[in-house]
There are 2 protein chains.
Amino acid sequence: MSARTRYLAAALDLMAADGFNGTSMRDIARAAETSLSNLYNHFASKSDVLVALLRDANDDLLRRIRAELDTAGPSATERMAAAVRAYVTFSGECQTAAVLSLSEFRYLRGEGREAVVQARDTTESIFRGVIADGVGTGEFRTPYPDGATRAIVSICAAVPTWYRPDGPLSLSELADVHVRYVLAMLEAATVTAQQPASTAMPA
Amino acid sequence: MSARTRYLAAALDLMAADGFNGTSMRDIARAAETSLSNLYNHFASKSDVLVALLRDANDDLLRRIRAELDTAGPSATERMAAAVRAYVTFSGECQTAAVLSLSEFRYLRGEGREAVVQARDTTESIFRGVIADGVGTGEFRTPYPDGATRAIVSICAAVPTWYRPDGPLSLSELADVHVRYVLAMLEAATVTAQQPASTAMPA
DNA sequence: CCTACCGATCGGTAGG
DNA sequence: CCTACCGATCGGTAGG
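Model, not experiment: these values are computed from the prediction. Each chain has its residues counted from 1, running along the sequence as written. Chain letters start at A and ligand numbers start at 1, both assigned in the order the entries are written. Only residues with pLDDT of at least 70 get local features here, since the model is predicted, and only at 80 or more are side-chain atom pairs given and counted; chain-wide, interface and lining totals rely on the full set of residues. For side-chain calculations, the full set of non-hydrogen atoms in the structure is used, while hydrogens and water are omitted.

### Here's the deal with the relation of the copies chain A and chain B
Taken together, a rotation about one axis and a shift along it account for how the two chain copies relate.
Okay, step 1: Fitting of the copies onto one another was done by least squares over C-alpha atoms, counting residues only where both copies have pLDDT of at least 70. The transformation that overlays chain A on chain B combines an axial shift of 0.0 Å with a rotation of 180°, and the residual RMSD is 0.1 Å. Such a combination of rotation and displacement between the chain copies is what one expects of a two-fold axis. Residue Met185(A), judged by its C-alpha, is the member of chain A lying nearest the rotation axis, at 2.2 Å.
Okay, step 2: Both copies present the same face, since 100% of the interface residues in chain A are matched by interface residues at the equivalent positions in chain B. Whether two residues touch is decided by their heavy atoms; if any such pair falls within 4.5 Å, the residues are in contact.

### Focus: helix 7 (residues 110–137) of chain A
Residue and element names in this part refer to chain A.
Okay, step 1: Given a rise of 1.5 Å per residue, 28 residues ought to cover 40 Å, and the 40 Å separating the end C-alpha atoms of helix 7 matches this to within 8%.
Okay, step 2: Only protein chains enter the calculation, and the probe is 1.4 Å; a residue is then buried if its accessible area is under 20% of its type maximum, exposed if over 50%, and partly exposed in between. Secondary structure counts use DSSP, requiring at least four H or I residues in a row for a helix and at least two E residues in a row for a strand, with both numbered from the N terminus. Buried residues of helix 7: Gly112, Val116, Ala119, Thr123, Ile126, Phe127, Val130, Ile131 and Gly134, and no others.
Okay, step 3: Note on helix 7: the residue one or two positions beyond its end, Gly138, has a positive phi of about 85°. Helices are assigned an expected span. That span is 1.5 Å times one less than the residue count.

### Quick word on the protein's contact with DNA strand D
Okay, step 1: Taken together, 15 residues lie near DNA strand D, and Ser37(A), Asn41(A), Arg26(B), Leu36(B) and Lys46(B) sit nearest.
Okay, step 2: Whenever two N or O atoms come within 3.5 Å, that pair is a polar contact, provided that in protein one can donate a hydrogen and the other can accept it, and provided that, for residues adjacent in sequence, both atoms are side-chain atoms. Separating a base oxygen of DNA strand D from a side-chain N or O atom of Ser37(A) is a distance of 2.6 Å.
Okay, step 3: Between Asn41(A) and DNA strand D, the recorded distance is 3.3 Å, taken from a side-chain N or O atom to a base nitrogen.
Okay, step 4: Of all the secondary structure elements, the ones that give two or more residues to the surface near DNA strand D are helix 3 (36–42) of chain A together with helix 2 (25–31) and helix 3 (36–42) of chain B.
Okay, step 5: Throughout this entry, Asp, Glu, Lys and Arg are counted as charged residues, while Ala, Val, Leu, Ile, Met, Phe, Trp, Tyr, Cys and Pro are counted as nonpolar. The remaining residues, Gly among them, count as polar. Tallied by class, the residues present in the surface near DNA strand D amount to three nonpolar, nine polar and three charged. By convention in these notes, a residue is near a molecule or strand provided one of its non-hydrogen atoms lies within 4 Å of it.

### Examining the domain arrangement of chain A
All names here are of chain A.
Okay, step 1: Marked domain ranges trace back to an automatic or database domain assignment. The domain architecture assigned to chain A consists of domain 1 (1–43) and domain 2 (45–185).
Okay, step 2: Taking only C-alpha atoms, the centre of domain 1 and the centre of domain 2 are 27 Å apart.
Okay, step 3: Taken together, the 14 residues of domain 1 in the interface contact 14 residues of domain 2.
Okay, step 4: By convention, the term buried area covers the 1.4 Å-probe accessible surface removed from two parts as they join, with the contributions of both added. The contact between domain 1 and domain 2 buries some 1,400 Å² in all, and 77% of this surface belongs to carbon and sulfur atoms.
Okay, step 5: Interface area lost by domain 1 to domain 2 is led by Leu12, Phe20 and Phe43, which between them contribute 43%.
Okay, step 6: When a carboxyl oxygen of Asp or Glu is within 4 Å of a side-chain nitrogen of Lys or Arg, the pair counts as a salt bridge. At the boundary of domain 1 with domain 2, the tally comes to zero salt bridges.

### Structural notes on the nonpolar core
Okay, step 1: Definition used in this section: a nonpolar core is a set of buried Ala, Val, Leu, Ile, Met, Phe, Trp, Tyr and Cys residues joined via side-chain atoms within 4.5 Å. Membership of the largest hydrophobic core comes to 146 residues, with the highest contact counts inside it found for Met80(A), Ile152(A), Met80(B) and Ile152(B).
Okay, step 2: Not counting the four nearest positions on each side in its chain, Ile152(A) is found in contact with Met80(A), Val84(A), Phe127(A), Ile131(A), Val182(A), Met185(A) and Leu186(A).

### Here we look at the packing of aromatic side chains
Okay, step 1: Ring geometry is summarised as follows: Phe, Tyr and Trp rings, the Trp one being its six-membered ring, pair when their centres sit within 6.5 Å, and such pairs are stacked at plane angles under 30 degrees, edge-to-face over 60 and tilted between the two. In total, this model carries six aromatic pairs over all chains according to the counting rule given.
Okay, step 2: Relative to Tyr181(B), the ring of Tyr144(A) has its centre 6.4 Å away and its plane inclined at 85°; by these criteria the two rings are edge-to-face. With Tyr144(A) in the loop between helix 7 and helix 8 (145–162) and Tyr181(B) in helix 9 (residues 171–185), the pair connects residues from two separate chains. Comparing Tyr144(A) with Tyr181(B), the two get one shared label, buried.
Okay, step 3: Put simply, a charge is over a ring when the Lys NZ or the Arg CZ is close to the ring centre, within 6 Å, and near the line of the ring normal, within 35 degrees. The positively charged end of Lys46(B) is found above the aromatic ring belonging to Phe20(B), 4.6 Å away from the centroid.

### Digging into the interface of chain A and chain B
Okay, step 1: Each partner contributes residues to the interface: chain A has 38 residues there, and chain B has 38 residues.
Okay, step 2: A salt bridge links Glu104(A) to Arg106(B); the nearest nitrogen and oxygen atoms lie 2.3 Å apart.
Okay, step 3: Applying the counting criterion to the chain A and chain B interface returns 14 residue pairs in polar contact (both at pLDDT 80 or more).
Okay, step 4: Of all the secondary structure elements, the ones that give two or more residues to the side of chain A that touches chain B are helix 1 (3–18), helix 6 (95–104), helix 8 and helix 9 (171–185) of chain A.
Okay, step 5: In terms of residue count, helix 8 of chain A provides more of the side of chain A that touches chain B than any other element does, nine residues in total.
Okay, step 6: Per-class residue counts for the side of chain A that touches chain B are 21 nonpolar, nine polar and eight charged.

### Overview of the state of the cysteines
Residue and element names in this part refer to chain B.
Okay, step 1: Pairs of cysteine sulfur atoms within 2.5 Å are what we label disulfides. Under the definition given, this model contains zero disulfides over all chains.
Okay, step 2: Cys94 takes part in no disulfide bond, and the closest cysteine sulfur to it belongs to Cys156, at a distance of 14 Å.
Okay, step 3: Using a relative accessible area of 16% as the deciding quantity, one classes Cys94 as buried.

### Overview of the protein's contact with DNA strand C
Okay, step 1: Lining the immediate environment of DNA strand C, one finds 15 residues, of which Arg26(A), Lys46(A), Ser35(B), Ser37(B) and Asn41(B) sit closest.
Okay, step 2: Protein-proximal atoms of DNA strand C, defined as those within 4 Å of the protein, fall in sugar or phosphate at a share of 48%.
Okay, step 3: In this structure, Ser35(B) approaches DNA strand C through a side-chain N or O atom, which is 2.6 Å from a phosphate oxygen.
Okay, step 4: Taken together, the elements giving at least two residues each to the surface near DNA strand C come down to helix 2 (25–31) and helix 3 of chain A together with helix 3 of chain B.
Okay, step 5: Looking at the surface near DNA strand C element by element, the count peaks at four residues for helix 3 of chain B.
Okay, step 6: A class-by-class count of the residues in the surface near DNA strand C yields three nonpolar, nine polar and three charged.

Printed below as a string of structure tokens:
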């Protein structure tokens, strides 16, 4: 494990718990069992630490979505299901990073912010493209396809804020449930023919 | 305008922009054109300021939802539409307070946190109750009603993070769009019979 | 005896 | 990779 990885792992836990402004560079150095000066040898500023964390998280999410899409069927319905599965799975498996992405992005400024904005746009454009495809083929019948991307991403991005690994549903079941919600929201033609993934749900 | 109201208005803008830990009591006092000591005469701590802000915001949201429900029709479909309309309207009209509620809640501890948690549970339980009613009457046919509350609240709560008053849709149109998303997600029996509220949507 | 409020300063810590 | 620091500012409180 490289020094950089250790710093980022420590910073991830601390910032997810106490926020960007609630975490000091001394806190991070201490958690990584190094000195403050050494931390500054790897990151020019506290903002740079956050940029690295959010970029890594977004890269991971994007990689997962693309991997799922590579093995998905050709229809927009199948591709949307794959993308939602990937997002929900990421939200559960990388919960801390997903929470951080959601809550601490606002503290970024300048070019670091622009880089993360661009990475987010890439993710959103994948959903937007699949929605447009599905509307074109008639698979999705929602009269409001343009606003659906935000609604879908909002649902997926909120999962890490309440998900608990010891909950009543496995992450795979949770992904299935969210696929159903999303396809129903898009008024997918196939949604009523789907089989429920599970009959048990959290209260 | 009472002194307390002036402090809270200043704190709301500052904390929504820079976060709880990024806003100092001196910043708040300066923005409210008073002294730090006077601020401490009204709030025992910075946390107490945040508690007051989040409680006020939640009270406002709850009041709006209840007011809409009072004039709504009796069906679960109409009541869900009313609740979503109220939430989206609040998100747009009280955007700063809504953003704060979403992002800064995590910095609360102790009994102040518990009070806000309880207020949130009250709001969520309204949605949960309407969903249960609709499932009971057969209006909502989703196989996963128990997870739908979180998905619905997540969509509504995310609106203030991207909404712009100068966007292509009026707040009323935006509310209509979200009502359609939510009812579709619940697989409402009436959803395909609905009329689109608008043909224009943001990109 | 209370409130509302002041200028000044407390012990510690922030990012760098 | 460390000790030793900086200008400033932190949340909170002093006496009056």
